[in-house]
Structure formats: C-alpha cells, structure tokens
Amino acid sequence: MEEAPEEPLQSRDSWRDHQTWITTQDILREKLITDDSFSWKLSSEGEPGYKKGEELRYVGGVDISFSKDDPSKACGTLVVLDFHTLQVLYQDFSFVTLQVPYVPGFLAFREAPVLQQLLEKMKRSDNPFYPQLLMVDGNGILHPRGFGLACHIGVEANLPTIGIGKNAMRSTQGSIKPIFISIGHMISLQTAIMIVQKTCKFRVPEPIRQADIRSRDYIRKLEMNGKVT
DNA sequence: GCGACAG
DNA sequence: ATCTTGTCGC
C-alpha cells in the first residue's frame, strides 16, 4: 500500500499566499507617487506665496515591538511629533496577536494592518494632530519589487511616507552604521532626506526612535504585569 | 551545496 | 524583531 504523500508543512498554502502577496504589491505599486505631492510647505519663511497654516508641522512615526515570550504578540505604535520642536504631541498603542508570519519582502502583510488601524483611529476622530507625513520603520522603494512597507502604508492610507531602514537588504556593514532612507509615497528622495536630517537628534530620526522606545516600553510594562504570558 | 534575506 | 554584560565616552 502507498501512503498518501504528506504535504510538507503548509507549503501549498504558503505558496498561494506568496503569489497573492506579489500580485497585491504589483497592483498597489501602480498607485505609487514618487515625487513631492503634498499640500504643506517646508521652511516657507520668506518665500513668496507663503500661506500661514500650510507648513509641515505634524510628523508621524510608526513601529512595532514584539513580546520576548510570544513572538506573535506585538505592540503597534503611532507617535506624532512637532516637526520643529521634535516634541511628542500624540501617542497610541495597539496590542495585538499577529497571525501572519514575517517573510522577507512581505513585511507589510504582517505589520501594515495594525499600523493602518492606528492611523484610521486618529482620522475617524478628527484628531488635530493627524500626521501630514509619516516615517515608517522599514523600507520604501528599497525593496525587491520596489514596494516595501513604507510604500504599502503610504498608498493604502493616502499619506506621504518615508521608509527608514536600519539594515538594508543585501548590504554589508560599512565602517559607520548608516540608516537607509527610501521614499514611500508622495515624496521625492531629495525632500525625504532633507526632512529626515532635520528630525535626527541621533542616528535614527526622532519619530521612529520615539515610536520604538515607547513601543518597547509599553510591551515591557505589560509583561511586567504578566498580561502577556 | 551554502549563504543571504526590511522587521 | 528578540535573546544578552559590560564598557568606553560625552
């Protein structure tokens, strides 16, 4: 008698999801805008046609931290900083259980839903600090198919985004540890670099750094109270 | 066959 | 992402 060949651990489903993900990225990428197309202005002082109230002020940052005990438990975090003072004006967290695994090249399918939910919550409540620009912990067009997490969130939320990578794919470590800036949506690389530089007190720009710090802090406090395990 | 592979 | 100690320096 022949045994029915066992399917080696989800391989068929994984492959199907993989193809679906590629198709989704291809479709969303058609909507990607790779130049400056936002309504606000930068350093508008002294420029002709300066309109008060239209300058960039609210810069958001998103990140996710994970439980050390259960890798599927995560805390999505959204912060909004004042572009000029770099003070945190808003913060929100969402503790969730992620069902989608991390697959290189498909980070968005794991992390974007939580982050978009946090943005949506702000928008629905007409929060005055809703970000005019969002910095994302992860790459933008610096991606195997030119559509990383920052692009994904930007297109789906219709928001200008910048991708901040701390480890670029297929790169080697330089003598100093760089960050990798790539555009997400509705912004040019030139503008993105300028804005990132203006928000850097340390290696990582403040919106990302604050999201990271506060996200870790949030999940650490949960675990301290035994709310995770 | 082995290493690489955002977070 | 997370597991991990101390250490050098401002």
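Owing to the predicted nature of the structure, the values given are computational and were not obtained by experimental measurement. (Residues numbered from 1 in each chain as written. Chains lettered and ligands numbered in written order. Predicted model: local features only at pLDDT ≥ 70, side-chain atom pairs only at ≥ 80, totals over all residues.)

Colleague: Sorry if this is basic, but what is going on with the overall build of chain A here?
Modeller: Looking only at helices and strands, chain A has five helices and six strands in total. In chain A, the succession of helices and strands from N to C terminus is α-β-β-β-α-β-α-β-β-α-α. Residues counted as buried form 34% of the 229 residues belonging to chain A. Here the contacts in chain A between residues at least 6 apart in sequence split such that 63% fall between residues at least 24 apart. (Helix = DSSP H or I, 4+ residues; strand = E, 2+ residues; numbered from the N terminus. Buried ≥ 20, exposed ≤ 12 C-beta atoms within 10 Å, placed from the backbone. Contact = placed C-beta atoms within 7 Å.)

Colleague: For this particular structure, what's the right way to read the protein's contact with DNA strand B?
Modeller: Lining the immediate surroundings of DNA strand B are 18 residues, of which Y102, L107, N139, G148 and N167 lie closest. Of the residues assigned to the surface near DNA strand B, the class counts are seven nonpolar, eight polar and three charged. (Near = placed C-beta within 6 Å. Nonpolar A, V, L, I, M, F, W, Y, C, P; charged D, E, K, R; others polar.)

Colleague: Hey, could you run me through unusual backbone geometry in this one?
Modeller: Even without glycine at this site, D126 takes up a positive phi of about 50°. Structurally, D126 is set in the loop between α2 (107-124) and β4 (133-137). D126 gets classed as exposed once you count the C-beta atoms within 10 Å, which come to 7. For M186, which is not a glycine, the phi torsion comes out positive at approximately 60°. Within the fold, M186 resides in the loop between β6 (180-185) and α4 (189-198). The exposure class assigned to M186 is buried, which follows from the 20 C-beta atoms found within 10 Å.

Colleague: Mind showing me how you'd approach the pairing of strand β5 (residues 161-165) here?
Modeller: A regular strand places its side chains so that they alternate between the two faces of the sheet. A large share of β5 lies buried, amounting to five of its five residues. Sheet analysis places β4 next to β5, joined by four bridges and oriented parallel. When the sheet's bridge partners are listed, D137 is paired in β5 with I164. Between the parallel pair β4 and β5, the chain is carried across by helix α3 (residues 149-157), and the sense of this crossover is right-handed. Here β5 runs beside β6; their pairing, made up of five bridges, is antiparallel. Note on β6: the bridge partner recorded for I164 is I181. (Pairing = 2+ DSSP bridges. Right-handed = clockwise from strand over helix to strand, strands pointing away.)

Colleague: Hey, could you run me through the packing of α2 against α3 in this one?
Modeller: When two helices pack together, their arrangement is captured by the angle between the axes and the distance separating the axes. Closest axis-to-axis distance for the α2/α3 pair is 10 Å, and the angle between their directions is 40°. The pairing of α2 with α3 is recorded here as oblique in orientation. Considering the relative orientation of α2 and α3, their crossing is right-handed. In this structure, α2 contributes L107, A108, E111, A112, L115, Q116 and L119 to the contact, and α3 contributes L149, H152, I153, E156 and A157. A class-by-class count of the residues in the contact of α2 with α3 yields eight nonpolar, two polar and two charged. (Axes fitted to C-alpha atoms, helices over the stretch in contact; angles between N-to-C directions. Parallel < 35°, antiparallel > 145°, perpendicular 65-115°, else oblique. Left-handed = near helix turned anticlockwise from the far one by under 90°.)

Colleague: Explain the nonpolar core here, please?
Modeller: Across soluble globular proteins, nonpolar side chains have a tendency to be buried as a group. In terms of nonpolar packing, the biggest core is built from 44 residues, with V136 and I162 touching the most fellow members. Per-element accounting of this core gives the leading share, seven residues, to α2. When residues no more than four places from it in sequence are discounted, the contact partners of V136 are V62, L149, A150, I153, T161, I162, G163, I164 and G184. (Core = buried A, V, L, I, M, F, W, Y, C linked by C-beta atoms within 7 Å.)

Colleague: Which parts of the structure should I look at to understand the sheet that holds β5?
Modeller: Two modes of strand pairing occur in sheets, parallel and antiparallel, and in both the strands are linked by backbone hydrogen bonds. Strand order in the open sheet made by the six strands is β3-β2-β1-β4-β5-β6, with mixed pairing throughout. With one partner strand each, in any of the chains shown, β3 (88-97) and β6 form the two edges of the open sheet. Taking the axes of each pair of neighbouring strands and ignoring which way they run, one obtains an average angle of 20° across the sheet. Of the pairings in the sheet, the one linking strand β2 (residues 73-82) to β3 comprises nine bridges and is antiparallel in character.

Colleague: Where do I start with the protein's contact with DNA strand C in this structure?
Modeller: Every residue close to DNA strand C is listed here: S65, F66, K68, K166 and R216. Tallied by class, residues from the surface near DNA strand C come to one nonpolar, one polar and three charged.

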